[in-house]
Amino acid sequence: MPYLDRRGRTCGFLDIEEKERSGKFLRRYLLLDKAAGLLEYYMDNPLNLPDGTEPVCQINVSYIQNVFDARKQRPKIEFCFAILANSRHYFMQANDENDMDGWVDSINNASKITVPKKNVQRVPKQEEECPGGYRAEIVGGMVVKTPIEMSDSDSEAENGRSRVSPSTRKKQALGLKPVKTGFCVKQGAVVKNWKRRYFVLDHEGLSYYKSNTDTDPIKMISLLDILHVKSYTGDLPRDNLFEVITTNRTFLVQADSPEEMRAWIQAVTDTVNSFRKECPIQRKGSIPESRRRTRHHSPDSRQTLPRHLRGTQV
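Residues numbered from 1 in each chain as written. Predicted model: local features only at pLDDT ≥ 70, side-chain atom pairs only at ≥ 80, totals over all residues. Heavy atoms only, no water.

Our next topic: the overall build of the protein. Along the protein, the regular secondary structure elements total four helices and 17 strands. For the protein, the proportion of its 314 residues judged to be buried stands at 37%. A separation threshold of at least 6 residues defines the contact pool for the protein, and within that pool the share at least 24 residues apart is 39%. For the protein, the exposed area adds up to about 19600 Å²; of that, 50% sits on carbon and sulfur atoms. (Helix = DSSP H or I, 4+ residues; strand = E, 2+ residues; numbered from the N terminus. Buried < 20%, exposed > 50% of the residue type's maximum accessible area, 1.4 Å probe, protein only. Contact = heavy atoms within 4.5 Å. Areas by Shrake-Rupley, 256 points an atom, 1.4 Å probe, with all protein chains shown as cover.)

This is how it looks when you write it as structure tokens:
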């Protein structure tokens, strides 16, 4: 879902077809500034880019003529909508149905476009399991839904988010399915810069990779070392930031939206708590209950003392 940043701008990641009719969608950071009357997108969140970085594309909202559901025009692209501006169609792919509706409504409100409600019914949940999605058309006043069949290779080509790293596939083959995966932005340990990384949370730990196709993680944070996970409350001017506090370091991680931030915090917290219940951790320096003994001194215990320390019997 798009979210409002600290300046009141609508933000979020989408897949955008930069070259019209190329069929190639690239992950971009969309920013709608209603006060400035601008819709623009960047290679990444501007906070992660050098100061003064120009947007890849900038559209004056007063030039936007229409914003509409484009799944009929692009049946192989799920959650696709289009913006008609400057005699060109900008096709964009949202993350889900709610994300698409949120962006369409936000852009329509910013450009003051009034459009009739969609007449296409939403696909029931039990039918959403079709990997290729459904094509909805109105025939004779009736909504007709046709499954779109896609091969595994086509599915991965159409949607880069469906790709899974080889190491994750290996764990899945062994029955070790990840709890949560996705891209986030992480602050470096020595050089305090911010880089986009692919995170994988499983029942061993929280790992992050350079990309979702790498086989070996840059680092794996063991569940044993994670003490606490919480939203960031410091002075850094970044949205959707949370902290992974470990025994020797605090990791600062930025999610793509408030919903994703809360989902990561909840997922890591639940996984760590489950791990602690299954594998109780004994605090360092504590004495096991089985080894705790209460010392009882017999009346003649003083006989074991040195002769010069023994008391005088009365």
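The next thing to look at is the environment of Phe 25. In this fold, Phe 25 is placed in the loop between β2 (10-16) and β3 (26-33). Given a relative accessible area of 16%, Phe 25 falls into the buried group. With 66 residues separating them in the primary sequence, Phe 25 and Phe 91 have C-alpha atoms 8.6 Å apart. Residues within four places of Phe 25 in sequence aside, it is in contact with Asp 15, Ile 16, Glu 17, Arg 74, Ile 77, Phe 91, Met 92 and Gln 93.

This part takes up the pattern of salt bridges. Summed over all chains, the structure comprises eleven salt bridges. Asp 5 serves as the salt-bridge partner of Arg 9, at 2.9 Å between the closest nitrogen and oxygen. Given a relative accessible area of 16%, Arg 9 falls into the buried group. According to the relative accessible area criterion, Asp 5 is buried, its value standing at 11%. Of the charged contacts, one joins Asp 256 and Arg 196 as a salt bridge, the two residues approaching to 3.0 Å between their closest N and O atoms. With a gap of 60 residues between them, Asp 256 in the loop between β17 (250-254) and α4 (258-278) and Arg 196 in strand β12 (residues 194-201) connect regions that are remote in the sequence. Take Asp 256: its relative accessible area is 14%, and that puts it in the buried class. (Salt bridge = Lys/Arg side-chain N within 4 Å of Asp/Glu carboxyl O.)

Membership of the largest hydrophobic core comes to 23 residues, with the highest contact counts inside it found for Leu 39, Ile 64, Phe 81, Ile 83 and Ile 107. Counting residues per element, this core draws most heavily on helix α1 (residues 97-111), which supplies five residues. The next biggest cluster of nonpolar side chains, apart from the first, holds 20 residues, and it includes Tyr 208, Val 253, Met 261 and Val 268. (Core = buried A, V, L, I, M, F, W, Y, C linked by side-chain atoms within 4.5 Å.)

Right, let's talk about the packing of aromatic side chains for a bit. Inspection of every chain in the model, using the stated rule, returns four aromatic pairs. Aromatic pair Phe 13 and Tyr 29: ring centres 5.0 Å apart, planes at 75 degrees, arrangement edge-to-face. Of the two residues, Phe 13 sits in strand β2 while Tyr 29 sits in strand β3, which places them 16 residues apart along the sequence. The exposure class assigned to Phe 13 is buried, which follows from its relative accessible area of 6%. Look at Tyr 29 and you get buried, because its relative accessible area is 3%. The interplanar angle of 65 degrees and the centroid separation of 6.2 Å between the aromatic rings of Phe 199 and Trp 264 together place this pair among those described as edge-to-face. Taken together, the residues span a long stretch of sequence, with Phe 199 in strand β12 and Trp 264 in helix α4 at a distance of 65 residues. Given the relative accessible area of 3%, Phe 199 is considered buried. (Phe/Tyr/Trp six-rings, centres within 6.5 Å; stacked < 30°, edge-to-face > 60°.)

Let us look at the environment of Val 56. Mapped onto the fold, Val 56 is located in the loop between β4 (38-42) and β5 (57-60). Along the sequence, Val 56 and Glu 18 sit 38 residues apart, while their C-alpha atoms lie 9.0 Å from each other.

Attention now goes to unusual backbone geometry. Despite not being glycine, Arg 21 has its phi angle at roughly 65 degrees, a positive value. By secondary structure assignment, the location of Arg 21 is in the loop between β2 and β3. The phi torsion at Asn 240 lies on the positive side, around 60 degrees, for a residue other than glycine. Examined against the element boundaries, Asn 240 turns out to sit in the loop between β15 (226-231) and β16 (241-246). Judged by relative accessible area, Asn 240 falls into the buried class, the value being 9%.

Turning our eyes to something else, we now look at the sheet that holds strand β11 (residues 180-187). The strand order across the open sheet built from seven strands is β14-β13-β12-β11-β17-β16-β15, with neighbouring strands paired in antiparallel fashion. Because the sheet does not close on itself, it has two edges, and the strands there are β14 (219-222) and β15. Taking each pair of neighbouring strands and ignoring which way they run, the sheet shows an average axis angle of 30 degrees. Where β11 and β12 come together, eight bridges link them in antiparallel fashion. Looking across to β12, one finds that Val 185 is bridged to Arg 196. Strands in contact with α4 are β11, β12, β13 (205-209), β15 and β16; relative to β15, the strand with the most contacts, it is inclined by about 160 degrees. (Pairing = 2+ DSSP bridges. Axes fitted to C-alpha atoms, helices over the stretch in contact; angles between N-to-C directions.)

The next thing to look at is α1. Between its first and last C-alpha atoms α1 spans 21 Å; for 15 residues at 1.5 Å apiece the expected length is 21 Å, and the two agree. In this fold, the buried residues of α1 make contact with β2, β3, β4, β6 (64-69) and β7 (80-85). Positive phi appears at Lys 112, one or two residues downstream of α1, with a value of about 60 degrees. (Expected span 1.5 Å × (residues − 1).)

Coordinates in, geometry out; function isn't part of it.
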